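Tertiary structure, described
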Amino acid sequence: MSTPLSVYLPFNRDVLGRAFEPAKRGDPPPEAQGLWLLVQDQHLVVVPDGGAFALPRGRVPDGLDSMVKDPFWLGTYHGMPCFAASLPKDAALPPGLAREPLVPMRGTRLPDDLLSLGGMAMQALWWESTSGFCPRCGGPTTRIEGEWGKRCPRCHYEHYPHLHPAVIILVRDGDRVLLARKAEWAPGRYALVAGFVDNGESLEGAVAREVKEEVGVDVKDVHYVGSQNWPFPSQIMLGFVASYAGGELRVDRSELDDACWFPCDQLPNRPSRHSIAGFILEHYARPAAP
Ligand SMILES: [Zn+2]
């Protein structure tokens, strides 16, 4: 068996394999008929089918046509064009449709393929809502056909979605790992130190700086272990493991509620399996081999 290209995590487009074909530059959008990725307040609109969920398909679902204007064409899934559109937060759904959370921490029940498609739709719609005007001259922009990009007809500037890199780090020291928690998380839940990469900084530099700033310790032997696209609203989470290299644990209370060393065999309440934090803890928070 060959080694997979990337870690298997929802929101990574690889989860969809070859079934998903992104739209290509210059392709005119097809007729608005196919699969619908309708997003309402970080929920995906689905057709419940016993314990499973399907996407609405065909034309815009009856009762929603007045709310779905100018849908965003993402590409095709199993040969069917996929369109994203957002619905107003308080809009009632027609019978036969329901909404399911896309946010893992809110206990999503969606399967990984729908999370990945729904996450892409969320990013496209976020971009759509923030790219209506040219950042250079302030004029209204138009879509570049088949792409997420926008063009300014007035000054000809083209701009593209912003993806924000963030590092997420497991610090290890023998049989113990350093975990942190934020005040807004569920009681008892700990996860990893994380933060955005600054301009002018390497990923390794960001790892060392974030750990030092948030928990006061130094790290060495920094290794990349995988990544996850995170559509809340547009991050790419870059996962690392690092070894403790010295320094006193000192929690930055402006960022964190707490941070502690935990023995690998006594980890607290873990993050969801849907997140790269859960993946890193599952695979790398292990006691050293005897
Ligand atoms: Zn312009």
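Here, the structure is the one placed above.
Presented here is a report on the structure given in the accompanying data block. (Residues numbered from 1 in each chain as written. Predicted model: local features only at pLDDT ≥ 70, side-chain atom pairs only at ≥ 80, totals over all residues. Heavy atoms only, no water.)

**With respect to the pattern of salt bridges**
Think of it this way: side chains of opposite charge can pair up when their charged atoms draw near. On inspection of all chains with the given rule, the structure shows 17 salt bridges. Between arginine 25 and glutamate 147 there is a salt bridge, with the nearest N and O atoms lying 3.3 Å from each other. Of this pair, arginine 25 sits in the loop between strand 1 (20-22) and strand 2 (34-40) while glutamate 147 sits in the loop between strand 9 (142-143) and strand 10 (150-151), and the two are 122 residues apart along the sequence. Its relative accessible area of 46% is what places arginine 25 among the partly exposed residues. Measuring nitrogen to oxygen at the nearest pair gives 3.1 Å for the salt bridge that ties arginine 151 to glutamate 158. (Salt bridge = Lys/Arg side-chain N within 4 Å of Asp/Glu carboxyl O. Helix = DSSP H or I, 4+ residues; strand = E, 2+ residues; numbered from the N terminus. Buried < 20%, exposed > 50% of the residue type's maximum accessible area, 1.4 Å probe, protein only.)

**Regarding the environment of valine 7**
Within the secondary structure, valine 7 is located in the segment before strand 1. Sequence separation of valine 7 and glutamine 228 is 221 residues, and the distance between their C-alpha atoms is 8.1 Å. Excluding residues within four positions of it along the chain, valine 7 makes contact with Asn12, Val225, Gly226, Ser227 and Phe279. (Contact = heavy atoms within 4.5 Å.)

**Here we look at the packing of aromatic side chains**
With the rule as written, the count across this model stands at eight aromatic pairs. With a centroid separation of 5.0 Å and 70 degrees between ring planes, the pair formed by tyrosine 190 and phenylalanine 262 is classed as edge-to-face. Here the residue tyrosine 190 occupies a position in the loop between strand 13 (176-181) and strand 14 (193-196), and phenylalanine 262 occupies one in strand 17 (residues 258-263), the gap between them amounting to 72 residues. In this structure an aromatic cluster arises from ring pairing among Phe11, Trp230 and Phe232. One residue, arginine 176, lies across the ring of tryptophan 261, its end atom 4.0 Å from the ring centre. Directly above the aromatic system of tryptophan 185 lies the positively charged group of arginine 189, at a separation of 4.4 Å from the ring centroid. (Phe/Tyr/Trp six-rings, centres within 6.5 Å; stacked < 30°, edge-to-face > 60°. Lys NZ or Arg CZ within 6 Å of the ring centre and 35° of its normal.)

**A closer look at the coordination of the zinc ion**
Donor atoms from the polypeptide that coordinate the zinc ion comprise Cys134 (SG), Cys137 (SG), Cys152 (SG) and Cys155 (SG), at 2.3 to 2.4 Å from the metal. Given four donor atoms and angles of 100 to 117 degrees at the metal, the environment of the zinc ion is assigned as tetrahedral. Counting the intervening residues between successive donors of the zinc ion yields the motif C-x2-C-x14-C-x2-C. The exposure class of cysteine 155 is partly exposed, given its relative accessible area of 23%. (Donors = N, O, S within 2.8 Å, 3.2 Å for Na, K, Ca; no water. Tetrahedral: all angles 85-135°; square planar, octahedral: opposite > 155°, others 65-115°.)

**Regarding the sheet that holds strand 9**
What holds strands together in a sheet is hydrogen bonding between their backbones, with the strands either parallel or antiparallel. An order of 9-10-11 is seen for the three strands of this open sheet, with the pairing classed as antiparallel. Single-partner strands in this sheet number two, and they are strand 9 and strand 11 (158-159). Strand direction decides the pairing type here: strand 10 and strand 11, joined by two bridges, are antiparallel. For arginine 151, the partnering residue across the bridge sits in strand 11 and is glutamate 158. (Pairing = 2+ DSSP bridges.)

**Re the side chain of glutamine 228**
Tracing the backbone shows glutamine 228 in strand 15 (residues 218-230). Given the relative accessible area of 1%, glutamine 228 is considered buried. At 2.8 Å, the side chain of glutamine 228 forms a polar contact with the backbone oxygen of proline 10. Excluding residues that lie within four positions of it along the chain, glutamine 228 makes contacts with Leu9, Pro10, Phe11, Asn12, Gln235, Ile236, Met237, His274, Ser275 and Ile276. (Polar contact = N/O pair within 3.5 Å; in protein donor to acceptor, adjacent residues only side chain to side chain.)

**Section: the nonpolar core**
Residues Leu37, Leu44, Leu74, Leu117, Leu170, Leu179 and Ile280 are the most contacted members of the largest nonpolar core, which totals 51 residues. For this core, the element with the highest residue contribution is helix 1 (residues 112-130), accounting for nine residues. Setting aside chain neighbours within four positions, we find leucine 117 in contact with Leu16, Phe20, Leu37, Leu55 and Tyr77. The next biggest cluster of nonpolar side chains, apart from the first, holds 21 residues, and it includes Leu178, Val193, Leu238 and Phe240. (Core = buried A, V, L, I, M, F, W, Y, C linked by side-chain atoms within 4.5 Å.)

**Some details on helix 2 (residues 203-215)**
For helix 2, with 13 residues, the first-to-last C-alpha span of 18 Å sits near the 18 Å given by 1.5 Å per residue. Those residues of helix 2 that fall on the buried side of the exposure criterion are Ala206, Val207, Arg209, Glu210, Val211, Glu214 and Val215. Of the residues one or two after helix 2, glycine 216 is the one with positive phi, at around 80 degrees. (Expected span 1.5 Å × (residues − 1).)

**Remarks on the pairing of strand 3 (residues 43-49)**
If a strand is regular, its side chains alternate between the two faces of the sheet. Pairing of strand 2 with strand 3, which is carried by two bridges, proceeds in the antiparallel orientation. Across the sheet, residue glutamine 40 finds its bridge partner in strand 3, namely histidine 43. Here strand 2 folds back onto strand 3, and the loop between the two strands holds two residues, one of which, aspartate 41, carries a positive phi near 50 degrees. As paired strands, strand 3 and strand 8 (residues 98-101) are joined by four bridges and run antiparallel to one another. Among the inter-strand pairings, valine 46 is bridged to a residue of strand 8, identified as alanine 98. The sheet contact formed by strand 3 and strand 4 (residues 52-54) spans three bridges and is antiparallel.

**Some points on the pairing of strand 2**
For strand 2, the tally of buried residues reaches seven of seven residues, placing the bulk of the element in the interior. Strand direction decides the pairing type here: strand 2 and strand 5 (residues 57-58), joined by two bridges, are antiparallel. Paired with glycine 34 across the two strands is glycine 58, which belongs to strand 5. Alignment of strand 2 against strand 7 (residues 80-86), held across five bridges, turns out to be parallel.

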